[in-house]
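Okay, here's what each chain looks like letter by letter:
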Amino acid sequence: MASRYGRGVFDTDPPLVVGRLLDGVPELVDPTQPVASAFDLGLVRGDGIFESLLVRHGAVRGLSAHLSRMADSAERLGMPAPDRSAWASLAAACADGWPSETDGVLKLVMTRGLEGLPGPPTCLATLAPVAQETLRQRRQGIAVRQLCLGVASDERARSPWLLGGAKSLSYAVNKAALRHAEGAGAQDAVFVSTDGLVLEGPTSTVVWASGHALHSPPLDSGILAGTTQVELFERAEHDGWSTVMVPTTPPDLVAADGVWLVSSVRGAAAVTSIDGVPRGDAGLTPIVHRLLDLLDG
Ligand SMILES: Cc1ncc(COP(=O)(O)O)c(C=O)c1O
């Protein structure tokens, strides 16, 4: 597949899929061809929203929950409400024919459109194989570093311009945190507020077990409402676990029976060390993976 970017980027097995909505109509496009203008506000300002979904056994997981969160993000950014049925059709068109043995990551991206030219949002979708390193982390777990996010746990609830709870395209801080953690020999990070409370990972929700209860931080701290955490808690309750969303501190995490960073594509990654101190999972990770239907991958 020749392109000005060279073969490497596009040379995946199975091949990448790219789609878009034009006037609300889904279409697949040549993945090697540009699909956005140089004046797109998503590109030049990170002004837009996105979702990352898992395609597993050929099916898009959790589409309805992701589309609901996309609508919520759009509202928080003052963007038009996404057309649910158009996005669902685009997701289905992208996943159509995706091999059942390959986990894929489906990204839905909606930007504010072109700078200075009022018009419709730019609506794109991509589907690619999940990176081998992500699958390894799902199986083997992750070392994490705790990093201060620089906001108090109650700041984003009273400052909506900070876009707490929105899955905006502005992930440069999140990616910088991941690089920082990697530079310190870890694979992921956990953000902590200035008042010392655990928030979330740069791309995941923090879940911990103690006793026969699963916990995660409350949404009023400005974290993203994780679809994986919701699904896990619903299934865990069905299995007899208690679940609770409660503020926690780093020492509470250290004392927990097990800690996981959960997200749609990687699933549940067991935290194997925090700031260089090794920790176990009390044998609970297979149970968490079973609850999330991730046992065979
Ligand atoms: C900041 C943040 N928190 C939490 C999550 C987990 O969300 P979900 O479980 O819906 O993938 C993500 C997912 O990318 C995220 O970026």
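Residues numbered from 1 in each chain as written. Predicted model: local features only at pLDDT ≥ 70, side-chain atom pairs only at ≥ 80, totals over all residues.

**Q** Account for the overall build of the chain, with residues named and values stated.
**A** Secondary structure assignment for the chain yields 10 helices and 14 strands. Against the 2.2 N^0.38 benchmark of 19 Å for 297 residues, the chain shows a C-alpha radius of gyration of 19 Å, consistent with a compact globule. Seen along its three principal axes, the alpha-carbon backbone of the chain occupies a region of about 50 × 45 × 40 Å. Relative to its full complement of 297 residues, the chain shows a buried share of 41%. In the chain, 68% of the contacts between residues at least 6 apart in sequence involve partners at least 24 apart. (Helix = DSSP H or I, 4+ residues; strand = E, 2+ residues; numbered from the N terminus. Rg over C-alpha atoms; globule rule 2.2 N^0.38 Å. Buried ≥ 20, exposed ≤ 12 C-beta atoms within 10 Å, placed from the backbone. Contact = placed C-beta atoms within 7 Å.)

**Q** With reference to specific residues and values, describe the nonpolar core.
**A** With 37 residues, the main nonpolar core has V144, A189, L232 and W260 as its most contacted residues. Only β7 (142–148), α7 (172–183), β8 (188–192), β9 (205–210), α8 (227–238), β12 (258–263), β13 (267–274) and α10 (285–291) provide two or more residues apiece to this core. Residue contacts for L232: discarding those within four places in its chain leaves V207, L214, V262, V288, L291 and L292. V55, V60, L63 and L67 belong to the second-largest nonpolar core, a separate cluster that totals 30 residues. (Core = buried A, V, L, I, M, F, W, Y, C linked by C-beta atoms within 7 Å.)

**Q** Give me the lowdown on the environment of V29, citing residues and values where you can.
**A** Looking at the element boundaries, V29 is found in strand β2 (residues 25–29). With 10 residues separating them in the primary sequence, V29 and G19 have C-alpha atoms 5.5 Å apart. Sequence-distant contacts of V29, that is, excluding residues within four places in its chain, are made with V18, G19, R20 and V35.

**Q** Run through the site of the ligand, naming residues and quoting values.
**A** What surrounds the ligand is the set S52, E200, T203, S204, T205, L224, G226, T227, T228, V262, S263 and S264. In the shell around the ligand, the residues fall into two nonpolar, nine polar and one charged. (Near = placed C-beta within 6 Å. Nonpolar A, V, L, I, M, F, W, Y, C, P; charged D, E, K, R; others polar.)

**Q** Describe α8, naming the residues involved and giving the relevant values.
**A** Here α8 contains 12 residues, and its C-alpha end-to-end distance of 17 Å stays within 8% of the 16 Å for a straight helix at 1.5 Å per residue. The complete set of buried residues in α8 reads T227, T228, Q229, L232, F233 and A236. Where the residues of α8 are buried, they touch α3 (63–76), β9, β10 (213–216), β11 (242–245), β12 and α10. G240 occupies a position one or two residues after α8 and carries a positive phi of about 95 degrees. (Expected span 1.5 Å × (residues − 1).)

**Q** A description of the sheet that holds strand β1 (residues 17–22) should follow, citing residues and the corresponding values.
**A** Taken together, the six strands give an open sheet; going across it, the order is β2-β1-β6-β5-β3-β4, and neighbouring strands pair in antiparallel fashion. This sheet does not close on itself; its edge strands, each paired only once, are β2 and β4 (59–60). Of the strands in this sheet, β1, β2, β3 (48–56), β4, β5 (104–111) and β6 (122–129) are in contact with helix α4 (residues 84–95), which crosses β1 at around 155 degrees. (Pairing = 2+ DSSP bridges. Axes fitted to C-alpha atoms, helices over the stretch in contact; angles between N-to-C directions.)

**Q** A description of the pairing of β2 should follow, citing residues and the corresponding values.
**A** Pairing of β1 with β2, which is carried by five bridges, proceeds in the antiparallel orientation. The residue bridging G19 from the neighbouring strand is L28, located in β2. Counting the residues that bridge the hairpin from β1 to β2 gives two residues, and of these D23 lies at a positive phi of roughly 55 degrees.

**Q** Go over α7 with me, naming the residues and quoting the values.
**A** In this model, α7 (12 residues) spans 16 Å end to end at C-alpha, consistent with the 16 Å of a helix rising 1.5 Å per residue. Every buried residue of α7 is accounted for by A177, L178 and A181. One face of α7 carries all of its buried residues, which in axial projection span an arc of 100 degrees. Pointing more than 90 degrees away from the buried face of α7 are the exposed residues A172, K175, R179 and G183. In this structure, the buried side of α7 is in contact with β7 and β8. (Arc of directions from axis to C-beta.)

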